[in-house]
Amino acid sequence: MEKTDCNNHLAINPLKNLEKFTVVLASASPRRRELLSMLDIPFEIRPLEDCDETYPADLPPLEISEYLAIKKSNEFYRRFQAESTANILSITADTMVIVDGKPIGKPTDYVQAKAMLRTLAGKAHTVVTGVSIRTKNKHLSFSSLSKVEFAELTDEEIEYYLFKYRPYDKAGAYGIQEWIGAVAIKSIQGSFYNVMGLPVHRLFNHLKTF
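The rules behind each value
Residues numbered from 1 in each chain as written. Predicted model: local features only at pLDDT ≥ 70, side-chain atom pairs only at ≥ 80, totals over all residues. Heavy atoms only, no water. Helix = DSSP H or I, 4+ residues; strand = E, 2+ residues; numbered from the N terminus. Rg over C-alpha atoms; globule rule 2.2 N^0.38 Å. Buried < 20%, exposed > 50% of the residue type's maximum accessible area, 1.4 Å probe, protein only. Contact = heavy atoms within 4.5 Å. Axes fitted to C-alpha atoms, helices over the stretch in contact; angles between N-to-C directions. Parallel < 35°, antiparallel > 145°, perpendicular 65-115°, else oblique. Left-handed = near helix turned anticlockwise from the far one by under 90°. Nonpolar A, V, L, I, M, F, W, Y, C, P; charged D, E, K, R; others polar. Phe/Tyr/Trp six-rings, centres within 6.5 Å; stacked < 30°, edge-to-face > 60°. Arc of directions from axis to C-beta. Pairing = 2+ DSSP bridges.

### What about the overall build of the protein?
Phase 1 of the analysis: When helices and strands are tallied, the protein shows seven helices and eight strands.
Phase 2 of the analysis: Relative to the globule expectation of 17 Å for 210 residues, the C-alpha radius of gyration of the protein, 18 Å, shows essentially globular dimensions.
Phase 3 of the analysis: Principal-axis analysis of the C-alpha atoms places the extent of the protein at approximately 55 × 40 × 30 Å.
Phase 4 of the analysis: For the protein, with 210 residues in total, the buried portion stands at 48%.
Phase 5 of the analysis: For the protein, long-range pairs separated by at least 24 residues make up 70% of all intrachain contacts whose partners lie at least 6 apart in sequence.

What follows is the structure, encoded as structure tokens:
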């Protein structure tokens, strides 16, 4: 178990309501850890290992991320929360890229990553992040959508990015905060942070209700 802390002890705390909880980010993603840290709340990291991330074949692509975030939330509750004496608030999330009406998850290897980036090049696609927030007494989930337009990419540019940044842990085989985001993304409609993996604006507003 890894714990982060916020050194800001100002009397005014927009999320003071969370002080009664142990906030847990159930994700191994360094990007989600970085983004949640921006909300200036203390939280623990408890990655969900070996969690089943399959989904029904007939599930509409825009609903997959929220479905998986809820599935992760249920698994976290089963493993850590149901019998715990701590007042835990867990946050789970999943990000999916949708292009030409088809969902794209994380690549398994270089060949698949290269094929994904070739598919995205010169097109617009949708990034959906589903989020689930859960305590023993309340469960809330939502999805956030961003539309991203890629410029054309040469094979040399794709190969450079893959060899240097190795984005195999990222949906769609790219990280918007990396080199490829600077040189290849023409426009974004929606939250930049959502494309990174966590829609912190909407998360902040939902956390205020707990």
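### Considerations on the packing of helix 3 (residues 110-120) against helix 4 (residues 155-165)
Phase 1 of the analysis: It is at 10 Å that the axes of helix 3 and helix 4 come closest, and there the two elements cross at 135 degrees. In terms of orientation, helix 3 lies oblique with respect to helix 4. By crossing handedness, the relation of helix 3 to helix 4 is classed as right-handed. Of the residues in helix 4, those touching helix 3 at Tyr110, Ala113, Lys114, Leu117 and Arg118 are Asp155, Ile158, Glu159, Tyr161, Leu162 and Phe163.
Phase 2 of the analysis: When its residues are assigned to classes, the contact of helix 3 with helix 4 shows seven nonpolar, no polar and four charged.

### Re the packing of aromatic side chains
Phase 1 of the analysis: Summed over the entire model, instances satisfying the criterion amount to seven aromatic pairs.
Phase 2 of the analysis: Here the aromatic rings of Phe150 and Tyr174 are separated by 5.0 Å at their centres, their planes lie at 75 degrees, and the arrangement is edge-to-face. Highlighted residues: Phe150 in strand 7 (residues 139-150) and Tyr174 in the loop between helix 4 and helix 5 (179-184), separated in sequence by 24 residues.
Phase 3 of the analysis: Judged by its relative accessible area of 5%, Tyr174 falls in the buried class.
Phase 4 of the analysis: Residues Phe192 and Tyr193 carry aromatic rings whose centres are separated by 5.8 Å and whose planes lie at 85 degrees to one another, so their mutual orientation is edge-to-face.
Phase 5 of the analysis: One aromatic cluster is present, built from ring pairs that chain together Tyr160, Tyr161, Tyr165 and Trp179.

### Considerations on helix 7 (residues 200-207)
Phase 1 of the analysis: Where helix 7 is concerned, the buried positions are Val200, Leu203 and Leu207. All buried residues of helix 7 lie within an arc of 60 degrees about the axis, which places them on one face of the element.
Phase 2 of the analysis: On the buried face of helix 7, the contacting elements are helix 1 (30-37), strand 4 (88-99), strand 6 (124-134), strand 7 and helix 6 (192-196).

### Digging into the pairing of strand 7
Phase 1 of the analysis: As paired strands, strand 6 and strand 7 are joined by 11 bridges and run antiparallel to one another. The residue bridging His125 from the neighbouring strand is Val148, located in strand 7.
Phase 2 of the analysis: When strand 7 meets strand 8 (residues 185-189), the two strands line up antiparallel, connected through four bridges. Bridging across to strand 8, Lys147 finds its partner in Gln189.

Honestly, it's all geometry; don't read function into it.
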